[in-house]
Amino acid sequence: MTTVLVTGAAGDIGAAVAEVLARRRYRLALADHPSSRARLDETVERCRRLGAEAEGVTFDVTDEPAATAAVQDLGPLRGLVNNAGYQGVFTSVDSYPLEDARRVVEVNVIGAITVLAAAARGMIDGGAGGSVVNIASMAGVSGAPNMPAYSASKAAVVGLTKAAAKDLAPHGIRVNAVSPAFVGPGRMWDAQVAQQAAAGSQYYATDPHAVAAQMIGTVPLRRYGSAHEVATVVAFLLSDDASYVTGVNVEVSGGST
């Protein structure tokens, strides 16, 4: 049995993806930054309790030699969930610190390309094809106030997905993206609400509780999505049930556009 690599596996969405795949008995390599080792170990242990074969690996996606070596050491991959990401600071584009913008792009775009390229080489060498799911965002589809660098980076991930799908189709490798809108509860939701409130803009109030209500009010289904709901879409795209699906960006957004 070949392995599925999930990056950003210590985060809300990454951990949910890992657990859904564990229930489906995938063999898992769960990766995150070394600073997230404790949370990563918790995810690995939960997946093992669910009956999956799982190992934890740590590397920085912005360190190309280390990331490439870590992916190569895993051997042939059946799939990749490219989920490592960084939201950046929350402020208007006219005051956005360029150093932070560089960091957002380095993690979300260059890091995604680095891991995708290394995984694709292994899949090509293995000769059995594979499936890649890049985690984008509705911020990259429609833009999010006070998040210019993140929005730009996730738009780039959608473009990367469509280009890579064409490049890798001759090798039987499918490449798709998933763009979540608001996802909660969890660290990601709490941080976004708090930071939008602190940023101050015409779009959101300065009280986090009011910001949460305003965010939900923009969603036609009038709720945030769960990380599990995102994870089940990822699992579908990885599976043979999606064998004729490549180059698409699936919006898991509750109807948000």
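Along each chain, the written sequence defines residue order, and numbers are assigned to residues from 1. Only residues with pLDDT of at least 70 are given local features in this predicted model, and only at 80 or more are side-chain atom pairs given and counted; all residues enter the totals for whole chains, interfaces and linings. The basis for the side-chain values is all heavy atoms of the structure; hydrogens and waters are excluded.

(A) Representation of the overall build of the chain within the structure. Only runs of H or I of at least four residues qualify as helices and only runs of E of at least two qualify as strands under DSSP, and these elements are numbered from the N terminus. A count of helical and extended segments in the chain gives 9 helices and 7 strands. By the compact-globule yardstick of 18 Å for 257 residues, the chain fits well, its C-alpha radius of gyration being 18 Å. Considered along the principal axes of its C-alpha atoms, the chain spans approximately 55 × 35 × 35 Å. Burial classes follow relative accessibility: with a 1.4 Å probe on protein chains only, a residue under 20% of its type's maximum area counts as buried, one over 50% as exposed, and anything between as partly exposed. Looking at the chain residue by residue over its 257 residues, the buried ones come to 50%. Put simply, of all contacts in the chain between residues at least 6 apart along the chain, 72% involve residues at least 24 apart. Taken as a whole, the chain presents about 11,400 Å² of accessible surface, with 54% of it coming from carbon and sulfur. Asp and Glu count as negative and Lys and Arg as positive, but His and the ends of the chain are not part of the count. Working definition for charges: the position is that of NZ of Lys, CZ of Arg, CG of Asp or CD of Glu. Side-chain charges of the chain comprise 20 positive and 24 negative groups, with the mean position of each set lying 6 Å from the other. In this setup the radius of gyration rests on C-alpha atoms only. A globule is expected at 2.2 Å times the number of residues raised to 0.38. Residue contacts follow a heavy-atom distance rule, with two residues in contact if any of their heavy atoms lie within 4.5 Å. For the area figures, the Shrake-Rupley method with a 1.4 Å probe applies, and any residue is considered shielded solely by the protein chains shown.

(B) Looking closely at the layout of surface pockets. Volume-wise, the second largest pocket comes out at about 220 Å³. Lining the second largest pocket are 18 residues; nearest its centre among them are L77, R78, A128, G129 and G130. Secondary-structure elements contributing two or more residues to the lining of the second largest pocket are β4 (77-82), α4 (98-126) and β5 (130-135). Looking at which element gives the most residues to the lining of the second largest pocket, the answer is α4, with 3 residues. Grouping the constituent residues of the lining of the second largest pocket by class yields 5 nonpolar, 10 polar and 3 charged. Throughout, the protein atoms alone are placed on a 1 Å grid, and a set of points is a cavity if a 1.4 Å probe fits but cannot get out or a pocket if it is open with protein on both sides within 12 Å along at least five of seven lines; lining residues have an atom within 4 Å of a point. Grid points are joined across faces, edges and corners, and a volume is the space filled by probe spheres set on the points. Gly is placed with the polar residues, together with every amino acid not listed as nonpolar (Ala, Val, Leu, Ile, Met, Phe, Trp, Tyr, Cys and Pro) or charged (Asp, Glu, Lys and Arg).

(C) Quick peek at the pairing of β5. With 6 of 6 residues buried, β5 is to be regarded as a mostly interior element. Here β5 shows a buried face lined by G130, V132 and N134 and a second buried face lined by S131, V133 and I135. For crossovers, right-handed means that the path from the first strand over the helix to the second runs clockwise, given strands pointing away from the viewer. Remark: the β4/α4/β5 crossover connection has right-handed handedness. In this description, strands pair whenever DSSP reports at least two bridges between them. The pairing of β5 with strand β6 (residues 173-180) spans 6 bridges and is classified as parallel. If you follow G130 over to β6, its bridge partner there is I173.

(D) A look at empty space enclosed by the protein. According to the stated counting rule, one finds 1 cavity of 30 Å³ or more in the structure shown. In this structure, the largest cavity spans a volume of roughly 40 Å³. Looking at the largest cavity, the residues that line it are N82, N83, A84, N108, A112, I135, K154 and V157. Every element with two or more residues in the lining of the largest cavity is listed here: α4 and α6 (148-168). For the lining of the largest cavity, the class distribution of residues is 4 nonpolar, 3 polar and 1 charged.

(E) Representation of unusual backbone geometry within the structure. The omega torsion of the bond from G184 to P185 falls at -10°, within 30 degrees of zero and hence cis. Tracing the sequence through the fold places P185 in the loop between β6 and α7 (187-199). Phi is positive for R25, which is not a glycine, with a value near 65°. Accessibility expressed as a relative area gives 47% for R25, which makes it partly exposed. Positive phi, normally seen in glycine, also occurs at N146, with a value near 65°. Tracing the backbone through its elements, the reader meets N146 in the loop between α5 (139-142) and α6. Here N146 falls in the buried class, since its relative accessible area comes to 8%.

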